[in-house]
Amino acid sequence: MADQIRSRKTSRPAWASPFLRWALLTLVVPGLLTPLGGCTRNFFRKRADREVAGLLSDKSKGTAWELPDYFVYPDPLSRFADPTNPDRPPMPPDDPAARDFSPNPQKPGKAGVAQVGGVGYLDLLAQWDCENRAREDAEHAKDASTSVAALLDNPASADPDKEVAKGLTLARREIADPVKVDRALSEADAKQAASRERPLLINLEQCVQLGLINSREYQARREQLYLAALPVTLERFAFGSQLFAAGTAIRERSGKNSPDGQTNRWTTNSTLGFTKAFSTGALLLASFANQTVYNLGNYPSTSVSTLSLDVVQPFLRGGGRAVALEPLTQAERNLLYAIRDYVKFQQEFYVFIGAGQPTFIPGVQAGVQAISGGVVSLPTNQFVPPTLPPVTPLASNAVSVQLPIGAGGRLFALPGAGSTPQGFLASVAEKFQLINQVRNIEALTRFLRLFQVYREGDIVDEVQVGQVEQQLLRSIETLLNFQSTYRSDLDQLKQQLGLPMTLALDLVEEDLRPLYRQTRRFEDVSAAYEASVSVSQRYGKMEEANHLRARLAKLLTDGPLTRETDFSKTIGRRLGAWRARSNARPAPTALSPLEQELEKLRVERRKLLDERAALRDKGGLPKAKEDRIEAIDFEIELGQFEAFLRAYEARPWEATKDERVRFARAGALFTSVYRAFLPLLEEPFRERINRVRTLWPNLPPLCIDGVDLLADNDDKVLAAASRYALANRLDLMNNRAQLVDSWRKVAVAANALLGTFNVEYNATISTPPGGRQPFKFGGATGTSRLIFNGQLPLVRLAERNNYRATLIAYQRQRRELQLAEDNVLFQVRLDLRQLRAAGVNYHTVQKRAIELAYRQVDQALVAFSQPQTPTTPALATGLVGGPTPASRAADPAALTNQLLTTQNSLLNAQNDLYNIWVGYVTTRMSLYRDMGLMPLDARGVWIDDVATRCQSCNPPVNCAPGTEPSAAPREEKRPDDKRPAELPPALTAPTAEALGDGR
C-alpha cells in the first residue's frame, strides 16, 4: 500500500505544479474571464464623440468651412432638449392599444416613463421680447419727436405706429372670436378675446438664432454630419492593429459505449492575436492558440499551444495602394464633402429663415423646400472595390479580421428641409400690407366723416356717401382676410423655427422701418398741407373780413405746412412789398403800382418763354433762366393774391341790403382769395417734399471688392459675380472633387479585370502534441510554407460590367460638374438681373410713384374742398364742393370716384414699394449665398460686411448726393479672421465630457 502511495505521488502530472497551474490559468482566463459585456454605453458614446470631434477639427480647421461651434447634442434651450441620461433615456409614454396588443419585453427601469422636452427657448424669447419692446418704444418716441405731424395743430397722429397697432389689435379682435352661434360678441367679450395672448416680438437676427437652437431641420443636419464621420473611424481602424481574444470551455462526460469511450473532462480553447492591413494590400495575421484538456479520470491531461503567422500580399488583383486605400480615401473625402455641405446648409438656412422662398428658384416648385440637398452621394452603378481576400491561417481556432477594409459603408444625399419656406422678411412684408390697409381704413374713415358733413350741406347726396362707405367696408373685409393670412403665415414661420403653434409671435419690422418712416414723412407733409387748406376755409366769414389778411399771413409764416421752412423766412417781406404797392395811389389815368408790376413781370415771363421755345432744339434755357421763370410765376401769384385780398377787404357786399346778394358777393370774393391763396402753398409744399426726397433710405449696398454690382456695366458685373461663385461655392468644390473620385474608380475597377496572383507565407510552431508543456516551443515542431496562389482571369463578366459602368459614371460625372457650374452661373446671373431691375425700379419708379400717389390724393381732396357760393343765406360761406366755372354745375359723383381711385392707388403704391424693397433684400441674400460669400457668426447670422467693402468704391455706391452710406459696418468677425468665434452662454450645448465617462 505504501509503495502504491509512493507510486501515485511520483506519477503526479508535472503540469499540476503550482507554477504550471498558474500558467494554464493565464491561457484559460482570456477565454473564460474576459468581460464579454464590454465597456459601458457611456464609454462607447464618449469614445465616438472624441473621435468624431477630432476628425471634424482636422478636416475643417483653418479653412473656409471651419466648424468652431459644432455640437451634435440638442441645445439645452431648445424645445427638443433632453436633460436626461442620453445612454438610458426614460421610456416615452406608449400608445395604449400598441401596449395591450403586443409583447412588452422591456421595462422602463430607473429612468421611468416621461415625455422629455425643453422650455429654455421660452425664457430666451421673453428676454428678447422685453428688449425689442423697449427698443420699439424708443423708436416710436424718436419718430414722434422728429415727425412733421408733431408740429400740427392736432398732434394726435404724431405717433402713427400706435394708431397702426390699435388697428391691428382691432383686426385681431375681429377674427379672434368674433361671433357666437346666434349673435356677435359683446364689446367686452371681444376685447377679452383679443387680449388672450400677448405676442412675443423677435427680429430677423433673433429669428435666425432661434432657428439655430430650435429648428428640427438644423438639428438633423448636425446629426447627419456626425453620422458622416463615423465611416471614417471604421476605415481608419481597418488599417490599425486589431487585437482579438476568444475562448471556449467545454464540460464533457460520456459513457464507455459512446464513440469516444468513457470520458470525464474539461476542455478549454483559447486564442489570442492581432491582424494588420497594409496600404499595399498586404495582410498580416498573428495568433497564439491553446487547447487544454483536463481529464478528471485516470487519463492523462494535455495542453498544446500553437504560434501562427500568416502574411498575404496580392500582386495583381487586389494589390497596390490604389485598390487598398480606395475605401479609406473615399470615406475621408466624403467626410470633407459632408462638412462643406453642412456649412453650405448653414448659409442656405439663413436665407431659408430670412427670406423663405419669395421669388422663383430654378428647379424648385413654389411652396416646397428651398434648401438643396447635399452632394455627398455615390451613384448606384459606381464601382466599389471589394475587400481583400480572407486569410485562413493554418492554426486552429483562429479568428479572422475583425474589421475588413471597405466596411465603412456609403453616404447618400442629405435630405432637405421639410418645413414650408415662409421666411421672416416675407412675413414682415405681409405685416406691412396689413399696416397699409389699416392706414387706408383710417383715411377712408376720415373721408366718410367729411362726406357726411357735405351731405348735410347738400353738396353731395346719399349715393356719394354710400360709395365711400362701401369702399370702407371692402377695405375692412380685406383687412380681415390679410390678418387671417398673416397669422397663418406666422404659424408656418413657427414650423420653420420649431416653435409650438400655440405660441403667440410677432415680428419686429426693423428691416422695413426706414421705408415706413419715409412714407410717414410724405403723409406728414400731406397732413400739413391738408390742415393749412382746411384752416384757411374756415376764415370765410364776411363779418370777420378785417382779420383775413392776418390769419392767412400767419398760415404762410407759421402754419402747419410752412413752419420751420425757408419759405416762412422770406414770405413776410414779399407779402409786405406787394401790400405796399397796393396801398400806393396811382395817377388818375395810369395803372396802379401793383398792376404795373404784374404787367412788367408778365412781359419778362413772355420773353423768357419765347427764348425757351427758340432754344428747345438746342438744349433749352440755362438753369438760371428756368429758375427765373419759376420765381416770376410765384411773384405773379403773390400779386394776384394781394389784388383779390384787397378787393375782399373793401367789403363791397355792404353796399346792398339784400341778404342773399350779400352772401353771394362775399362768397364769390372769398372764393377768389382762397383760390389765389392755394398756389402760395405750393412753394412750401415743394420745399418740404424736396427735403423728404433726400431722406429716402438707400438700398443695401451690393458690391464685391469695389465692383458695384448695381452701377457697373453688365459684362463687368457678370464676370465678377461668376468668378466669385465658381471659386467660392462649396458644393462646386465637392463636385470637382467627386469628378476625381469617379476618375479613381476607373483604375480600381480595371484592377478587378486582372488575374489573381497572391504570395502567401505561413509559419506555425506548436508545442509537443499530447504533452503537458504549453510553452515548450521548438524548431522541431515548426512548419513554414511559401505559397504562390494564381488564377487566370477566365471569367470576368461581372468585373467587365463594373469596369464599363465606371467609365460611364466618369463621363456622367463630368457632365454633372458642367451642369452644376452652369446652374450656379444661371442662378447668379438671374439674381443679378433681378437685383439690378429692382434697384432701377426702386429709384426711378417706386419713389416717384409714392410721391405722385400722395400728391394725387391731396389734389383730389382739395378739388372736392373748393369753397362754393352758398345758395341760401342760411348756409355759411366756405362750404365745400367741386371747383367749376360759373356756367357749369359741379360733379360730386366724378370727384368722389376720383378721390376713392387715388386713395386706392396710394395703397397699391405703398404695397408695391414694400414688396420691391423686400424682394431686393431677399434676392441680395440669395446672390451672396449663391456666390458662396456668406460668412456666419456664432448665432448663425450673416456677417454682412459688404458696406465696409463698398468704401473702396469711389464714390461709395448707393448714396444719394449729400447723404451718407445707408449701412454702417458692424464689428463682426471677418471671413478671413481665423480667431475662433465663441457661443454665447445661452447657446452652449452639453458636451460629452459634461455627460460623464465610464467603462
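For the structure, check the block above.
Criteria and cut-off values
- Throughout this document, residue positions are counted from 1 along each chain, in the order its sequence is written.
- Thresholds applied to this predicted model are a pLDDT of at least 70 for local features of residues and 80 or more for the giving and counting of side-chain atom pairs; totals over whole chains, interfaces and linings are not thresholded and use all residues.
- Excluding hydrogens and water, the side-chain values take into account all heavy atoms of the structure.
- The buried label applies to any residue whose accessible area, calculated with a 1.4 Å probe on protein chains only, is under 20% of its type's maximum; exposed applies above 50%, and partly exposed to all values in between.
- A run of DSSP states H or I qualifies as a helix once it reaches four residues; a run of E qualifies as a strand once it reaches two. Both are numbered from the N-terminal end.
- Counting of polar contacts relies on pairs of N or O atoms within 3.5 Å, with two restrictions inside protein: one atom must be capable of donating a hydrogen and the other of accepting it, and residues adjacent in sequence are counted only when both atoms are side-chain atoms.
- An axis is simply a line fitted to the C-alpha atoms; with a helix, the fit covers only the stretch in contact. Between two such axes, the angle follows the N-to-C directions and lies from 0 to 180 degrees.
- When an angle is under 35 degrees it counts as roughly parallel; over 145 it counts as roughly antiparallel; between 65 and 115 it counts as roughly perpendicular; any other value is oblique.
- Two helices crossing with the near one rotated counterclockwise from the far one by less than a right angle form a left-handed crossing, whereas a clockwise rotation gives a right-handed crossing.
- Gly is placed with the polar residues, together with every amino acid not listed as nonpolar (Ala, Val, Leu, Ile, Met, Phe, Trp, Tyr, Cys and Pro) or charged (Asp, Glu, Lys and Arg).
- Along the arc lie the directions from the helix axis toward the C-beta atoms.
- The contact definition used throughout considers only heavy atoms, calling two residues in contact when any of these lie within 4.5 Å.
- Strands are treated as partners if at least two bridges between them are detected by DSSP.
- Remark: nonpolar core denotes a set of buried residues (Ala, Val, Leu, Ile, Met, Phe, Trp, Tyr, Cys) joined through side-chain atoms within 4.5 Å.
- Nonpolar side chains (Val, Leu, Ile, Met, Phe, Trp, Tyr) are joined into patches within 5 Å and like charges within 9 Å, using only residues with over 30% relative accessible area and no salt bridge.
- Only the protein chains shown count as cover for residues, with accessible areas throughout obtained via the Shrake-Rupley method and a probe of 1.4 Å.
- A carboxyl oxygen of Asp or Glu within 4 Å of a side-chain nitrogen of Lys or Arg is what we treat as a salt bridge.

Extensive coverage of helix 8 (residues 204-214) is indicated by the burial of 10 of its 11 residues. Residues of helix 8 that are buried include every one of Leu204, Gln206, Cys207, Val208, Gln209, Leu210, Gly211, Leu212, Ile213 and Asn214, and no others. Regarding helix 8, its N-cap is Asn203, as a side-chain oxygen of that residue lies 3.3 Å from the backbone nitrogen of Glu205 further along.

Below, the discussion takes up the packing of helix 12 (residues 424-456) against helix 24 (residues 892-930). Axis separation between helix 12 and helix 24 bottoms out at 10 Å; the angle between their running directions is 165°. It follows that helix 12 is roughly antiparallel to helix 24 by the angle criterion. Remark: the crossing between helix 12 and helix 24 carries right-handed chirality. For the contact of helix 12 with helix 24, the per-class residue count stands at 14 nonpolar, 10 polar and one charged.

All buried positions along helix 15 (residues 548-558) are accounted for by Leu548, Arg549, Leu552, Leu555 and Leu556. The buried residues of helix 15 occupy an angular sector of 130° when projected down its axis, which confines them to one face. Looking at helix 15, the residues exposed on the side facing more than 90 degrees away from the buried face are Ala550 and Lys554. In this structure, the buried residues of helix 15 make contact with helix 14 (513-537), helix 16 (566-583), helix 18 (623-649) and helix 19 (659-677).

Turning next to the sheet that holds strand 10 (residues 782-791). Sheet architecture is open: six strands sit in the order 2-3-4-5-9-10, paired in antiparallel fashion. Pairing within the sheet leaves two strands with one partner each, and these edge strands are strand 2 (242-254) and strand 10. Each adjacent strand pair in this sheet contributes to an overall mean axis angle of 15°, direction not counted.

Attention now goes to the pairing of strand 9 (residues 756-766). The pairing of strand 5 (residues 302-314) with strand 9 spans nine bridges and is classified as antiparallel. Looking across to strand 9, one finds that Val312 is bridged to Glu760.

Moving on, we come to the nonpolar core. One finds Leu125, Tyr350, Phe641, Met925 and Met931 to be the most contacted residues of the largest nonpolar core, which totals 168 residues. The element that contributes the greatest number of residues to this core is helix 23 (residues 797-864), accounting for 16 residues. Residues contacting Met931, with those up to four places away along its chain left out, are Ile704, Ala721, Tyr724, Ala725, Asn728, Arg729 and Val828. Of all hydrophobic cores here, the second largest spans five residues; its members include Ala277, Leu283, Leu325 and Leu328.

Together, Leu309, Phe315, Leu316, Leu754, Phe757, Tyr761, Leu786 and Phe788 make up a nonpolar patch on the protein surface, roughly 740 Å² of accessible area in all. Contributions of two or more residues to the nonpolar patch are made by strand 9 and strand 10. With respect to the helices, strands and loops of the structure, Phe315 is situated in the loop between strand 5 and helix 10 (321-324).

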